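Observations on the three-dimensional arrangement
Given next are the chains, with one letter for each unit.
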Amino acid sequence: MTAEAPPAWNVFKQIFAQHWGGFTRVYPRYDTRYYDGLVHKMLACGNPEQMGSLEYRCLHCGEGTHRVAMSCKSSLCLRCAKVYVDNWVSQVSRMLHEGVIYRHIVLTVPEILRKTFYQQSQAVLSPFMRCGVRCLDDVFSRVSGRTLQGGYIVVIQTHGRNGRYNPHLHMIATSGGWDPPASQWHHLDYVPYRLLRKKWQWHLLTMLRQTVKTHEMDRLVDVCYTRYREGFVTNVQKGDVPSRYQSLATYLAKYVVSPPISVRRIDRYDGHSVTYHYRSHKTERVERETVDVYTFIGRMVQHVFPKGFQRVRYYGVQATKTFAKIKRMIHDALAKIQGIVKGAIKIIAAKTYRERYQQSTGRDPLLCPHCHHEMGVWKIWHPAYGVLHDELGAIRRGKYASKEKRAAPEGAHGRALWSASHRVSLPLFGLR
């Protein structure tokens, strides 16, 4: 069978549509209502008959119309991934403290432990994120000589550039921390790389030993201490000031919260195998890989998190429940210190459908092509809930009728006329 060449984004959907049933028979771990629901929503995304729709119509001339299918918001959907990234950037940009330097820190897991993370994902992923926070707090306190509470926005990512399972943490970390007893912000000019590696190794292996209490886990921990004598690989990006960076969130979004693959990287699909490319970390060159369709599907669905799992979390002085309170304290403390960077974090507003469409096509979808007036919502329909809004019905019910009492015309014997919104019938002039 040779697959047709549909639009680029549709290749991904075509692979799942043709092979999901066979894949779940071979890998029954994914034969669940949860995964079936994600795939079903992803396949229906963009189809207004299955997902529901919003209809717009020009209320000025009545000619212009525009119909928008509701999105599925499935974690497997590549169409919805761009919206998710935009919303993430907006959310994170609001959570950065003005005047504080941030660093991007990556904490990795050695290959020998990746299978354990895959098999025990529900047990270890949340402790994994907290473990990274404890590690950095430990490093910051060790370097400064005082107990500091840093601020961390932690994003867990389980895929590498080639789509294989490779769990690691991306952390937007403050360069320094808050000293509660002294009510001071203590800035750190550097993070010692060697200390970070060793600390990360100790915190990660301690967490695994306490979480996965098996003899095999004890053996793996001992092997890791023997094999990785310099600690685990970490990556610390140089800190940059807010006024120059403008938005660290925008810088990270393109790969921190991106899906395992983008449609541009799928080069070929022939019905049996998929060829895609990626830029290798080791060689820094573009490499191509061809795998059978079941392997490809497996590399995509293995990165789906359990239902309700929060892949972006806030800790320390970035914690959402104390953010507003401590923000003022940090701002006042920084104002007393000379030499600390001054600058403002740029707040990135979440983009609407209209803005994304206009940015992509250069055309405003809600301007009437006939009279160039702005169109309004005409009808909202959902397959499960039916019609949620009907402008035509609202007009018939007298939504736009005047509520003012008007004098009756000549010959109506002084009788008054009320709008239909008062549920009073219009008078038939001349009748008594």
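All of the points below concern the structure found in this document. Sequence positions are assigned chain by chain, starting from 1 and proceeding in written order. The predicted origin of the model limits local features to residues at a pLDDT of at least 70 and limits the giving and counting of side-chain atom pairs to 80 or more, whereas totals for whole chains, interfaces and linings rest on all residues. For the side-chain quantities, the full set of heavy atoms in the structure was used; hydrogens and water were omitted.

1. Description of helix 6 (residues 121-144)
Heads up, the rule is: We count a stretch as a helix when DSSP gives it H or I for four or more residues in a row; a strand needs E for two or more, and each element gets its number in order from the N terminus. Every helix has an expected span of 1.5 Å times one less than the residues it contains.
Helix length check: helix 6, at 24 residues, gives a terminal C-alpha distance of 34 Å against a target of 34 Å (1.5 Å per residue), a fit within 8%. Once helix 6 finishes, Gly145 follows within two positions and takes phi at roughly 80 degrees, a positive value.

2. A closer look at the sheet that holds strand 2 (residues 65-69)
Here is the rule: DSSP calls a pair of strands paired once it identifies at least 2 bridges connecting them. Inter-axis angles, ranging from 0 to 180 degrees, are taken between N-to-C directions of lines fitted to C-alpha atoms, where helices are fitted over the stretch in contact.
Sheet architecture is open: four strands sit in the order 2-1-13-14, paired in antiparallel fashion. With one partner strand each, in any of the chains shown, strand 2 and strand 14 (386-390) form the two edges of the open sheet. Neighbour-to-neighbour, the strand axes of this sheet turn through a mean angle of 15 degrees, independent of strand direction. Looking at chain direction, strand 1 (residues 53-57) and strand 2 are connected through five bridges and run antiparallel. Residue Arg57 lies in a different strand from strand 2, and its bridge partner there is Thr65.

3. Section: the packing of helix 6 against helix 7 (residues 193-211)
Cut-off, in case you're wondering: In this scheme the crossing of two helices becomes right-handed for a clockwise turn of the near helix relative to the far one and left-handed for an anticlockwise turn of less than a right angle. Each residue gets one label: Ala, Val, Leu, Ile, Met, Phe, Trp, Tyr, Cys and Pro are nonpolar, Asp, Glu, Lys and Arg are charged, and the others, such as Gly, are polar.
Where helix 6 meets helix 7, the closest approach of the two axes is 9 Å, and the angle between their N-to-C directions is 145 degrees. The handedness of the crossing between helix 6 and helix 7 is right-handed. Classifying every residue of the contact of helix 6 with helix 7 gives 15 nonpolar, three polar and four charged.

4. A short note on the sheet that holds strand 10 (residues 273-279)
This is how the line gets drawn: Contact criterion: two residues are considered in contact whenever any of their non-hydrogen atoms come within 4.5 Å of each other.
As summarised here, the arrangement of the three strands in space is 9-10-11, forming an open sheet in which the pairing is antiparallel. Single-partner strands in this sheet number two, and they are strand 9 (266-269) and strand 11 (286-292). Mean inter-strand twist for the sheet, computed between neighbouring axes without regard to direction, equals 20 degrees. Where strand 9 meets strand 10, three bridges bridge the pair, whose relative direction is antiparallel. The residue bridging Tyr269 from the neighbouring strand is Val274, located in strand 10. Strands strand 9, strand 10 and strand 11 of the sheet are contacted by helix 11 (residues 293-301), whose axis makes an angle of about 115 degrees with strand 11.

5. Overview of the side chain of Ser53
We count it as follows: When a residue's accessible area, from a 1.4 Å probe over protein chains only, is under 20% of the maximum for its type it is buried; when over 50% it is exposed; and in between it is partly exposed.
Assignment of secondary structure puts Ser53 in strand 1. In this structure Ser53 comes out as buried when scored by relative accessible area, which is 1%.

6. Digging into the packing of aromatic side chains
Any pair of aromatic rings gets described here by the distance separating the centres and the angle formed by the planes. Stated precisely, the cut-off is as follows: Under the pairing criterion, centres of Phe, Tyr and Trp rings, with the six-membered ring standing for Trp, must be within 6.5 Å; the plane angle then separates stacked pairs below 30 degrees from edge-to-face pairs above 60, leaving the rest tilted.
Tallied over the entire structure, the rule returns 18 aromatic pairs. Measuring from ring centre to ring centre gives 6.2 Å for Phe23 and Tyr294, while their planes differ by 75 degrees; the resulting arrangement is edge-to-face. Linking Phe23 in helix 1 (residues 8-26) with Tyr294 in helix 11, this pair joins segments that are 271 residues apart in sequence. Tyr294 gets classed as partly exposed once you look at its relative accessible area, which sits at 26%. Measuring from centroid to centroid gives 5.0 Å for Tyr30 and Tyr35, while their planes differ by 80 degrees, and the two rings are edge-to-face.

7. Examining the nonpolar core
Spelled out, the test is: Buried Ala, Val, Leu, Ile, Met, Phe, Trp, Tyr and Cys residues that are joined via side-chain atoms within 4.5 Å together make up what is termed a nonpolar core.
With 40 residues, the main nonpolar core has Leu113, Phe117, Phe128, Tyr152, Leu169, Trp200 and Leu204 as its most contacted residues. If you list the elements that add at least two residues to this core, you get strand 3 (102-108), helix 5 (111-119), helix 6, strand 4 (151-159), strand 5 (165-174), helix 7 and helix 8 (215-227). Looking at this core, the element that brings in the most residues is helix 6, giving ten residues. The residues contacting Trp200, other than those within four sequence positions of it, are Leu107, Thr108, Phe128, Cys131, Gly132, Cys135, Leu169, Phe232, Val233 and Thr234. Core analysis: the next-biggest nonpolar cluster, separate from the first, contains 34 residues, Leu38, Val39, Leu76 and Cys77 among them.

8. Observations regarding the environment of Arg285
Here Arg285 is to be found in the loop between strand 10 and strand 11. Each residue touching Arg285, except ones within four places of it in the same chain, is listed here: Tyr278, Arg279 and Ser280.

9. Re the side chain of Arg313
To keep it simple, the criterion reads: A residue counts as positive if it is Lys or Arg and as negative if it is Asp or Glu; His and the chain ends are not included. Only one rule defines a salt bridge in this text: a Lys or Arg side-chain nitrogen within 4 Å of an Asp or Glu carboxyl oxygen. Whenever a nitrogen or oxygen atom comes within 3.5 Å of another N or O atom, the pair is scored as a polar contact, on the condition that within protein one atom can donate a hydrogen and the other can accept it, and that pairs from neighbouring residues in sequence are kept only if both atoms are in side chains.
Along the chain, Arg313 falls in strand 12 (residues 312-316). Look at Arg313: it is buried, it has no salt bridge, and the nearest opposite charge is Asp137 at 15 Å. At 2.9 Å, the side chain of Arg313 forms a polar contact with the backbone oxygen of Gln310. Setting aside residues up to four positions removed in sequence, Arg313 forms contacts with Ser126, Met129, Arg130, Tyr152, Ile153 and Val154.

10. Description of the pairing of strand 14
Pairing of strand 13 (residues 376-382) with strand 14 involves four bridges; the strand directions are antiparallel. Paired with Trp381 across the bridge in strand 14 is Val387. The antiparallel pairing of strand 13 with strand 14 creates a hairpin that spans three residues between the two strands.

11. With respect to the pattern of salt bridges
A side chain of one charge can pair with a side chain of the opposite charge if their charged atoms are brought near each other. One pass over the structure, following the stated rule, counts 13 salt bridges. One salt bridge connects Asp179 with Arg146, and the closest N-O pair in it is separated by 3.7 Å. With Asp179 in strand 6 (residues 176-179) and Arg146 in the loop between helix 6 and strand 4, this pair connects stretches of sequence that are 33 residues apart. Here Asp179 falls in the buried class, since its relative accessible area comes to 9%. Note that Arg354 is salt-bridged to Asp364, the shortest N-O span being 2.8 Å. One end of the pair, Arg354, is in helix 13 (residues 353-361); the other, Asp364, is in the loop between helix 13 and strand 13, with ten residues separating them in the sequence. Classification of Arg354 as partly exposed rests on a relative accessible area of 22%. Three or more residues are tied together by salt bridges with common partners; here these are Arg164, Glu289 and Arg299.

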